Amino acid sequence: IQKIRMDMSIAATFRKGATNVNQTGSVIAKMNLMGIPISKSSYAKIETNRMNIKVSELLALAEILDCEVGDFFKDLK
């Protein structure tokens, strides 16, 4: 029998980069300018772990928040 693993939640990690509404809005705007269409609603769902993040969104967030992609996974066990 194969065990099913739960999805990893990296939301808390990238929430550190956008700590208030103004920064969150800025992140969303920058993602859209980069050609990564995301709405406030979708971003909120990712933050609250109700929606999985796409690789393209993760790469854009890493660039916007000036961090490495691996930084999102540092605190996961």
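### What about unusual backbone geometry?
- One non-glycine residue with positive phi stands out, namely Asn49, at about 60°.
- Mapped onto the secondary structure, Asn49 falls in the loop between helix H3 (40-47) and helix H4 (55-64).
- Residue classification places Asn49 among the partly exposed positions, given a relative accessible area of 42%.
- Located in the positive-phi region is Asp66, a residue other than glycine, with phi close to 55°.

### Some words on the environment of Lys30
- Relative to the helices and strands, Lys30 is located in helix H2 (residues 21-33).
- In this structure, the C-alpha to C-alpha distance between Lys30 and Leu61, residues 31 residues apart in sequence, is 9.1 Å.

### Thoughts on the environment of Asp71
- Assignment of secondary structure puts Asp71 in the segment after H4.
- Each C-alpha atom, one on Asp71 and one on Ile10, is 9.7 Å from the other, the two residues being 61 residues apart in sequence.

Criteria and thresholds
Residues numbered from 1 in each chain as written. Predicted model: local features only at pLDDT ≥ 70, side-chain atom pairs only at ≥ 80, totals over all residues. Heavy atoms only, no water. Helix = DSSP H or I, 4+ residues; strand = E, 2+ residues; numbered from the N terminus. Buried < 20%, exposed > 50% of the residue type's maximum accessible area, 1.4 Å probe, protein only.

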